[in-house]
Amino acid sequence: MKKVENKHTILILGASGFIGYAIYKELCGYFRTFGTYRTPKKEFKKNHHFFHYNVEEDDVFEILNIVKPTIIISTLRGDFSAQVIAHTHIVDYMKSHKCKMLFLSSANVFDGYSKYPSYENDKTYSNSVYGHFKIKIENMLMRLPKKQVAILRLPMVLGKHAPRVEEIKLLLKEKEPIEVFPNLIMNVTSDLKVTQQIHYIINRNKSGIYHLGSQDLVHHESFIEEIIASLGAKNAIIKRVYTTNDDRYLAVLPKEHLLPKHLQLQSKDVLKELLQ
Ligand SMILES: NC(=O)c1ccc[n+]([C@@H]2O[C@H](COP(=O)([O-])OP(=O)(O)OC[C@H]3O[C@@H](n4cnc5c(N)ncnc54)[C@H](OP(=O)(O)O)[C@@H]3O)[C@@H](O)[C@H]2O)c1
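My aim in this report is to walk through the structure given alongside it, one point at a time.

**Some thoughts on the overall build of the chain**
Along its length, the chain carries nine helices and 14 strands. Viewed in the frame of its principal axes, the chain has a C-alpha envelope of about 55 × 40 × 40 Å. With 276 residues in all, the chain has 51% of them scored as buried. Long-range pairs, those at least 24 residues apart, make up 77% of the contacts in the chain between residues at least 6 apart in sequence. With the model as given, the accessible surface of the chain reaches about 14,300 Å², and the carbon-plus-sulfur share is 52%. The positive charge centre, built from 39 side chains, and the negative charge centre, built from 29, are 7 Å apart in the chain.

**Remarks on the site of the ligand**
Every one of the 27 residues lining the ligand counts as a neighbour, but S16, T39, V55, L76 and Y130 are closest to it. Between F18 and the ligand, the recorded distance is 2.8 Å, taken from a backbone N or O atom to an oxygen atom. Taking R164, its side chain carries an N or O atom lying 3.0 Å from an oxygen atom of the ligand. Relative to its unbound accessible area of 900 Å², the ligand is 89% covered by the protein chains.

**A closer look at the pattern of salt bridges**
Applying the stated criterion across every chain yields a total of seven salt bridges. For E138, the salt bridge identified is with R153, shortest N-O distance 2.8 Å. Residue E138 is located in helix α5 (residues 129-142), and its partner R153 is located in strand β6 (residues 149-154); the two are separated by 15 residues in the primary sequence. Measuring nitrogen to oxygen at the nearest pair gives 3.7 Å for the salt bridge that ties E166 to K169. With E166 and K169 both in helix α6 (residues 163-173) and three residues apart, this pair spans about one turn of that helix. Judged by its relative accessible area of 34%, E166 falls in the partly exposed class. Look at K169 and you get partly exposed, because its relative accessible area is 32%. Overlapping salt bridges, with partners in common, bring together E221, E225 and R240 in one network.

**So, the environment of E56**
Positionally, E56 belongs in the loop between β3 (50-52) and α3 (60-67). In this structure the C-alpha to C-alpha distance between E56 and A82, which are 26 residues apart in sequence, comes to 5.4 Å. Apart from the residues within four sequence positions on either side, E56 is in contact with G78, D79 and A82. At a separation of 3.4 Å, a polar atom in the side chain of E56 contacts the main-chain amide nitrogen of D79.

**Remarks on the packing of aromatic side chains**
Applying the stated rule across the entire model yields nine aromatic pairs. When the ring of Y24 is compared with that of F50, the centres are 4.8 Å apart and the planes differ by 70°; the resulting orientation is edge-to-face. Linking Y24 in helix α1 (residues 18-27) with F50 in strand β3, this pair joins segments that are 26 residues apart in sequence. By the ring-pair criterion, three or more aromatic residues cluster together here, those being Y21, Y24, Y37, F44 and F50.

**As for the sheet that holds strand β12 (residues 218-219)**
Spatial ordering of the open sheet is given by β12-β9-β14, a layout of three strands whose pairing is mixed. Edge positions in the open sheet fall to β12 and β14 (248-250), since each of these has one partner strand only. Of the pairings in the sheet, the one linking strand β9 (residues 184-186) to β14 comprises three bridges and is parallel in character. For L184, the partnering residue across the bridge sits in β14 and is R248.

**Section: the side chain of T195**
Residue placement: T195 occurs in helix α7 (residues 191-203). Given a relative accessible area of 5%, T195 falls into the buried group. Residue contacts for T195: discarding those within four places in its chain leaves A22, I23 and E26.

**So, the sheet that holds strand β1 (residues 9-13)**
By definition, the strands of a sheet pair up through backbone hydrogen bonds, in either a parallel or an antiparallel sense. If you trace the seven strands from one edge of the open sheet to the other, you get β3-β2-β1-β4-β5-β6-β11, paired in parallel fashion. Of all strands in the sheet, those with a lone pairing partner are β3 and β11 (208-211), marking the two edges. Averaged over neighbouring strand pairs, the angle between their axes works out to 20° when direction is ignored. Here β1 pairs with strand β2 (residues 32-37) via four bridges, running parallel. Considered in β2, the bridge of I12 is made with G35.

Basis of the calculations
Residues numbered from 1 in each chain as written. Predicted model: local features only at pLDDT ≥ 70, side-chain atom pairs only at ≥ 80, totals over all residues. Heavy atoms only, no water. Helix = DSSP H or I, 4+ residues; strand = E, 2+ residues; numbered from the N terminus. Buried < 20%, exposed > 50% of the residue type's maximum accessible area, 1.4 Å probe, protein only. Contact = heavy atoms within 4.5 Å. Areas by Shrake-Rupley, 256 points an atom, 1.4 Å probe, with all protein chains shown as cover. Lys, Arg positive; Asp, Glu negative; His and termini not counted. Charge placed at Lys NZ, Arg CZ, Asp CG, Glu CD. Near = heavy atom within 4 Å. Polar contact = N/O pair within 3.5 Å; in protein donor to acceptor, adjacent residues only side chain to side chain. Salt bridge = Lys/Arg side-chain N within 4 Å of Asp/Glu carboxyl O. Phe/Tyr/Trp six-rings, centres within 6.5 Å; stacked < 30°, edge-to-face > 60°. Pairing = 2+ DSSP bridges. Axes fitted to C-alpha atoms, helices over the stretch in contact; angles between N-to-C directions.

Take a look at the structure:
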């Protein structure tokens, strides 16, 4: 039987989402774990560990004051300006409380560089609104004492029930084209691996910047085709989208903060999970 450790009270912002809910399921047997949801759903309304929260309308302080988390895991989506304001409030709270933040960031904080994969200490640089927004929150958090923050940069997250995989299944069913980016070289991960890595980061009280992607790189086009093959589909309609003529990297590789071997992964592990 799983043992509930009293060490931490965890609040997952966006716990109803794809990654947030996977983290909730991983942690709730071990820690007092709470979460937020925005879209009203019976299962969350009934669960006393879930709070309704809309970043555009609600004050995050109210939930912080009820839950009194020692760890906040931010897995939100939603309006960028509202998220920046909410994270400003969380930073204020963290200045006067013993509390740590695990922030789910993205490989897009490097999407302004395209010629190489990126490592933890590389300077962030983005050309996208999404990347800019993630950089803004990362920088805000990095002004806190180092021990209080872990920034977890993720590449594309897949998994048996990942929205991207579900979308591919739907497009196949409806005989619609599936977009691939032939010049894009990336790494990948899965919800299962990310949640195990997060559990380890919490248990070992780790902080700093983590690049949580596969150790190998894949071409977007061939990886999506492998996913299609692993779903047993034939005659998929592929639409190749060329954004540049040169190869473009969107990959977050670890160099400084390596996790133990069993928490590292290869892209083929992500494909294997789809078959399980
Ligand atoms: N998935 C990836 O491949 C990937 C890659 C890199 C980084 N990330 C980052 O990982 C985090 C989680 O991503 P995900 O794919 O799991 O996203 P997701 O499935 O769309 O989940 C997003 C979560 O945020 C909540 N949310 C959305 N709008 C909100 C609003 N206005 N107010 C309050 N909550 C709101 C959603 O609530 P409801 O569902 O209840 O509406 C849900 O709980 C994000 O920060 C994302 O940037 C994801």
